[in-house]
Amino acid sequence: AGKAEVRYNPETLQPSAIAMLIQDLGFGASVMENYNTGAGVLELDVKGMTSASCVHKIETTLMKVEGVQYSSVELATNKAHIQYDREVVGPRDIMKIIKDLGFEPIFVRRIDRKST
C-alpha cells in the first residue's frame, strides 16, 4: 500500500476533499492525520539498541538532519523523543533514518505545535 503526504492550503481545500478527489481517480484514499505548520514532537519506541553507543549513534545522526531541532534517546526505556520543523522534515523521514541505522523505530505518538 502506498502512502502520500500532501501539503495543502486549508483556506481553499480540506483533507477530506483531497481524499475524495484521489478516490475519484480510482485509488483508495483516507485522511490519516491533520497537518499544522510549526514544530512537531515525535515519540518512538526504538528496538534493537544494546548500548550507549547505539543511543549516541541515533542522536548524533538525527541532529545532523536538516529540520531536526532536538533528539533524545533513552536506552533504559527504548524511547526516542524528537522535535523537528514540520516544514523541513517529517515523521516518516525520521523513522527511515533510524531504520537505515539498523534499528526498528515504532511510532508511539506525534504532538504538533502551531507556529507562534
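Residues numbered from 1 in each chain as written. Predicted model: local features only at pLDDT ≥ 70, side-chain atom pairs only at ≥ 80, totals over all residues. Heavy atoms only, no water.

Undergrad: Which residues make up the overall build of the protein, and what are the values?
TA: The secondary structure content of the protein amounts to three helices and four strands. Secondary structure elements in the protein, listed N-terminal to C-terminal, are α-β-α-β-β-α-β. Burial status across the protein gives 31% buried among its 116 residues. Relative to all contacts within the protein whose residues are 6 or more apart in sequence, the contacts with residues 24 or more apart total 65%. Of the accessible surface of the protein, which amounts to about 7,500 Å², a share of 53% is contributed by carbon and sulfur atoms. (Helix = DSSP H or I, 4+ residues; strand = E, 2+ residues; numbered from the N terminus. Buried < 20%, exposed > 50% of the residue type's maximum accessible area, 1.4 Å probe, protein only. Contact = heavy atoms within 4.5 Å. Areas by Shrake-Rupley, 256 points an atom, 1.4 Å probe, with all protein chains shown as cover.)

Undergrad: Quick one: what's the story with the pairing of strand β3 (residues 79-85), residue by residue and with numbers?
TA: Across the two faces of β3 the burial differs, with Ala80, Ile82 and Tyr84 buried and Lys79, His81, Gln83 and Asp85 not buried at all. Sheet analysis places strand β1 (residues 39-47) next to β3, joined by seven bridges and oriented antiparallel. The residue of β3 that forms the bridge with Val41 is Gln83. Looking at chain direction, strand β2 (residues 68-74) and β3 are connected through six bridges and run antiparallel. Bridging across to β3, Val68 finds its partner in Tyr84. Connecting β2 to the next strand, β3, in antiparallel fashion are four residues, including Asn78 with a positive phi near 55°. (Pairing = 2+ DSSP bridges.)

Undergrad: Can you tell me about the nonpolar core, naming the residues and giving the values?
TA: One finds Val46, Met49, Ile58, Ile82, Ile94, Ile98 and Phe103 to be the most contacted residues of the largest nonpolar core, which totals 19 residues. For this core, the element with the highest residue contribution is helix α2 (residues 52-63), accounting for four residues. In contact with Ile94, other than residues within four places in its own chain, are Leu42, Leu62, Val68, Ile82, Tyr84 and Val89. (Core = buried A, V, L, I, M, F, W, Y, C linked by side-chain atoms within 4.5 Å.)

Undergrad: Pulling in residues and values, what's your account of the pattern of salt bridges?
TA: Applying the stated criterion to the full structure yields three salt bridges. Taking the shortest distance from any N to any O, the salt bridge between Asp100 and Lys96 comes out at 2.7 Å. Separated by four residues within a single helix, Asp100 and Lys96 lie in helix α3 (residues 91-100), roughly one turn from each other. (Salt bridge = Lys/Arg side-chain N within 4 Å of Asp/Glu carboxyl O.)

Undergrad: Account for unusual backbone geometry, naming residues and giving values.
TA: With phi around 55°, Asn78 is a residue other than glycine that occupies positive phi space. Tracing the backbone shows Asn78 in the loop between β2 and β3. Asn78 sits in the partly exposed class, given a relative accessible area of 23%.

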